[in-house]
Every structure is written in structure tokens, then in C-alpha cells.
Amino acid sequence: MAASLTPALKKLLTGAGCFFERHGKGDHEIWYSPITDRRFVVDSFIKSRHIANAVLKQAGLPKAF
């Protein structure tokens, strides 16, 4: 099974000032970005670099994967 990109993604998000807000449905987490002033969903096991980059885009950050 492929390694999860979620730990590296969370490190980038917290480094940019984003923070965990609450648990969502299933294994999802709701995060908040002060850059975009929006909430977004982070899955606990992201295998696709496209999904990881989409989360970064929602947070107002550039692609990293």
C-alpha cells in the first residue's frame, strides 16, 4: 500500500498558520485557513498527490506534491 501524504500535508498546513478545528464525518478532519478565511476537509489517509495539492489550494497555499 502506498504511503500517506497526510502527515507531510498537515506539517505544511500548520507551518502556514492553518489549524485543526474539529472532527468531521468518518476519518475526516475540518481545518481552518486564516489565509483564505475558509474551512476545508483533510482526509486522514491521502494517497493521491492531486488530492493533497487540492487541499493546499483550498488553504491558499501553492502546490507542494
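Note: the structure precedes this text.
I will try to describe carefully the structure that is included in this document. (Residues numbered from 1 in each chain as written. Predicted model: local features only at pLDDT ≥ 70, side-chain atom pairs only at ≥ 80, totals over all residues. Heavy atoms only, no water.)

### A word on the environment of Lys25
Note the cut-off: Every helix listed is a DSSP run of H or I at least four residues long, and every strand listed is a run of E at least two residues long, numbered separately from the N terminus. Accessible area is worked out with a 1.4 Å probe on protein chains only. A residue is then buried under 20% of its type maximum, exposed over 50%, and partly exposed in between.
Of note, Lys25 is situated in the loop between β1 (19-23) and β2 (28-33). Residue classification places Lys25 among the exposed positions, given a relative accessible area of 77%. Measuring from C-alpha to C-alpha, the distance between Lys25 and Val55 comes to 17 Å, with 30 residues separating the pair along the chain.

### Quick look at unusual backbone geometry
What you tend to see is this: most non-glycine residues have negative phi, and most peptide bonds are trans. One non-glycine residue, Asp37, lies in positive phi territory at about 60°. A relative accessible area of 55% means that Asp37 is categorised as exposed.

### What to know about helix α2 (residues 49-58)
Applicable threshold: Here the arc refers to the set of directions running from the helix axis out to each C-beta atom. The criterion used for residue contact is that any of the two residues' heavy atoms lie within 4.5 Å. As used in this structure description, the phrase polar contact means that two N or O atoms lie within 3.5 Å; if the pair is within protein, one of them must be able to donate a hydrogen and the other to accept it, and residues adjacent in sequence are counted only when both atoms belong to side chains.
Here α2 has its buried residues at Ala52, Asn53, Val55 and Leu56. The arc that holds the buried residues of α2, viewed along the axis, is 155°, so those residues lie on one side. For α2, exposure combined with an orientation more than 90 degrees from the buried face picks out His50 and Lys57. Buried residues in α2 make contact with α1 (6-15) and β3 (38-43). Where α2 begins, the capping side chain belongs to Ser48, and its oxygen is found 3.1 Å from the backbone nitrogen of His50.

### Concerning the packing of α1 against α2
Operational definition: Geometry is summarised by axes, namely lines fitted to C-alpha atoms with helices restricted to the contacting stretch, and by angles between N-to-C directions that run from 0 to 180 degrees. Here is the rule for angles: anything less than 35 degrees is roughly parallel, anything more than 145 is roughly antiparallel, 65 through 115 is roughly perpendicular, and the remaining ranges are oblique. A clockwise turn of the near helix away from the far one marks a right-handed crossing, whereas an anticlockwise turn of less than a right angle marks a left-handed crossing. Residue polarity follows a fixed list, in which Ala, Val, Leu, Ile, Met, Phe, Trp, Tyr, Cys and Pro are nonpolar, Asp, Glu, Lys and Arg are charged, and the others, Gly among them, are polar.
Orientation of α1 relative to α2, taken along the N-to-C sense of each, is 15°, at an axis distance of 11 Å. The angle between α1 and α2 places the two elements in the roughly parallel class. Note that α1 runs across α2; the crossing there is right-handed. In this structure, α1 contributes Leu9, Leu12 and Leu13 to the contact, and α2 contributes Ala52, Val55 and Leu56. Here the contact of α1 with α2 is built from residues that sort into six nonpolar, no polar and no charged.

### Observations concerning the pattern of salt bridges
Heads up, the rule is: Between Lys or Arg on one side and Asp or Glu on the other, a salt bridge is scored when a side-chain nitrogen of the former is within 4 Å of a carboxyl oxygen of the latter.
Counted by the stated rule, this structure contains two salt bridges. Here Glu29 makes a salt bridge to Lys10, at a shortest N to O gap of 3.2 Å. On the criterion of sequence distance, the pair formed by Glu29 in strand β2 and Lys10 in helix α1 is long-range, its members being 19 residues apart.

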